[in-house]
Amino acid sequence: MGQEKPSGGFSLDDSSDTADVDLTAMTLQCLEPYATEEEISAIIDRGVEFLADAQAEDGGYEAYGDKSSESVSQVILALSTYGIDCNKDARFRKKEKGLYDNLMEYYKKDGSFSHLLDGDSDPMATDQAFCAMAAYSRFLNCKTSFYDMSDTN
């Protein structure tokens, strides 16, 4: 895992030790089929700790200078993959709220989600939020993960 940074996170930037929340969460999602391998399991654990440490005081995540719903969505997807309750796990609760609660702050009256907290409806943010909500629902209902779904017809 050559792109893993000292913090336990991941990035596409070879020239920096700075990890990226979104890429770390997506990498963890991709590692699910290999999670029983000891080395991969340790990488996943370090990645989850990076995501916990990277969380802002208000419960969100900053990427590329802004706090966005997409970052929150990707972390929810990653945590749900590994059976970590994004809304109840103490590592991901800030100011009495979990990550799912934080994601819902981006919800718009028209049923979409915004990229930025005070932004307009955004198709990519909406798509990623719906994926995160499905992943969390599958976790809460003891189903296989979002990218597994081997329990569906």
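Quick caveat, the model's predicted, so the values are computed rather than measured.

Rules used throughout
Residues numbered from 1 in each chain as written. Predicted model: local features only at pLDDT ≥ 70, side-chain atom pairs only at ≥ 80, totals over all residues. Heavy atoms only, no water. Phe/Tyr/Trp six-rings, centres within 6.5 Å; stacked < 30°, edge-to-face > 60°. Helix = DSSP H or I, 4+ residues; strand = E, 2+ residues; numbered from the N terminus. Buried < 20%, exposed > 50% of the residue type's maximum accessible area, 1.4 Å probe, protein only. Contact = heavy atoms within 4.5 Å. Polar contact = N/O pair within 3.5 Å; in protein donor to acceptor, adjacent residues only side chain to side chain. Axes fitted to C-alpha atoms, helices over the stretch in contact; angles between N-to-C directions. Parallel < 35°, antiparallel > 145°, perpendicular 65-115°, else oblique. Left-handed = near helix turned anticlockwise from the far one by under 90°. Nonpolar A, V, L, I, M, F, W, Y, C, P; charged D, E, K, R; others polar.

(A) Examining the packing of aromatic side chains more closely. Scanning all chains against the criterion turns up five aromatic pairs. Arranged with centres 6.0 Å apart and planes meeting at 90°, the rings of Phe113 and Phe130 form a pair that is edge-to-face. Taken as a pair, Phe113 in the loop between α4 (99-104) and α5 (123-140) and Phe130 in helix α5 lie far apart in primary sequence, 17 residues in all. Judged by its relative accessible area of 0%, Phe113 falls in the buried class. Overall, the relative accessible area of 41% leaves Phe130 in the partly exposed class. Members of the aromatic cluster, each reached through a chain of ring pairs, are Tyr100, Tyr136 and Phe139.

(B) Layout of the environment of Lys5. By the secondary structure assignment, Lys5 is in the segment before α1 (21-30). With eleven residues separating them along the chain, Lys5 and Ser16 place their C-alpha atoms 8.4 Å apart. Beyond its immediate stretch of four places on either side in the chain, Lys5 contacts Phe10, Ser11, Asp13, Asp14, Ser16, Asp17, Thr18 and Ala19.

(C) Representation of α1 within the structure. With seven of ten residues buried, α1 is to be regarded as a mostly interior element. Within α1 the residues assigned to the buried category are Val21, Asp22, Thr24, Ala25, Thr27, Leu28 and Gln29. Check the buried side of α1 and you find it contacts α2 (38-54), β1 (62-63) and α3 (69-81). Between the side-chain oxygen at the start of α1 and the backbone nitrogen of Asp22 there is a gap of 3.1 Å, and the oxygen is on Asp20.

(D) Examining unusual backbone geometry more closely. In this model, Glu96 sits at a positive phi of 70°, which is unusual for a non-glycine residue. Position of Glu96 relative to the elements: it lies in the loop between α3 and α4. Notably, Met149 is not glycine yet its phi reads approximately 45°, a positive angle. Tracing the backbone through its elements, the reader meets Met149 in the segment after α5. Given the relative accessible area of 31%, Met149 is considered partly exposed.

(E) Broad picture of the packing of α1 against α3. One can describe the packing of α1 onto α3 by two numbers: an axis separation of 8 Å at closest approach and a directional angle of 25°. Viewed along their axes, α1 and α3 adopt a mutual orientation that is roughly parallel. In the crossing of α1 with α3, the sense of the turn from one axis to the other is left-handed. Contacts between α1 and α3 involve Val21, Asp22, Ala25, Met26, Leu28 and Gln29 from the first element and Glu70, Ser71, Gln74, Val75, Leu77, Ala78 and Thr81 from the second. Along the lines of polarity and charge, the residues of the contact of α1 with α3 split into seven nonpolar, four polar and two charged.

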